[in-house]
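Chain by chain, the residues run as shown.
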Amino acid sequence: QVQLVESGGGLVQAGGSLRLSCAASGSIFSLISIKTMAWYRQAPGKQRELAADIARSGATNYADSVKGRFTISRDNAKNTVYLQMNSLKPEDTAVYYCRATTANIYWGQGTQVTVSS
């Protein structure tokens, strides 16, 4: 079992920045089994979508809508993944969820990001 706790959401004006963190906890075996960690987001009335993911190797993948503005990073020693979000737009407003993949998939509880125009 892996538990994920997100933090760092909040209210920011358009053009501003936020940094999200997601800390994973659980048994040592579960933590070393984590392959990909990812940030998804879900806006009101819309489906949950991938924002960015990062493999244990550090290889990254971004949605076109966030490329050049968001940066995902990972500290394997701390079992933590980060999402640095710059040049935020009102359309980035959503609940952001952390996801970890082992042989199973685990989700955090989500953190609200609101970008005002």
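Just above sits the structure.
A quick note: this is a predicted structure, and the numbers were derived from the prediction, not measured. (Residues numbered from 1 in each chain as written. Predicted model: local features only at pLDDT ≥ 70, side-chain atom pairs only at ≥ 80, totals over all residues. Heavy atoms only, no water.)

(A) Geometry of the sheet that holds strand E7 (residues 70–75). On the basis of which strands lie adjacent, the open sheet formed by four strands has the order E1-E3-E8-E7 and antiparallel pairing. A single partner strand is all that each edge strand has here, and the edge strands are strand E1 (2–7) and E7. Going from strand to strand, the sheet's axes swing by 15 degrees on average, the running direction of each strand aside. (Pairing = 2+ DSSP bridges. Helix = DSSP H or I, 4+ residues; strand = E, 2+ residues; numbered from the N terminus. Axes fitted to C-alpha atoms, helices over the stretch in contact; angles between N-to-C directions.)

(B) The arrangement of the environment of Cys98 in detail. Within the secondary structure layout, Cys98 lies in strand E9 (residues 94–101). Among the residues examined, Cys98 registers a relative accessible area of 0% and is labelled buried. Considered as a pair, Cys98 and Ile28 are 70 residues apart in the sequence and their alpha carbons are 19 Å apart. Sequence-distant contacts of Cys98, defined by excluding residues within four places in its chain, comprise Leu4, Glu6, Cys22, Met37, Ala38, Trp39, Val81, Tyr106, Trp107 and Gly108. (Buried < 20%, exposed > 50% of the residue type's maximum accessible area, 1.4 Å probe, protein only. Contact = heavy atoms within 4.5 Å.)

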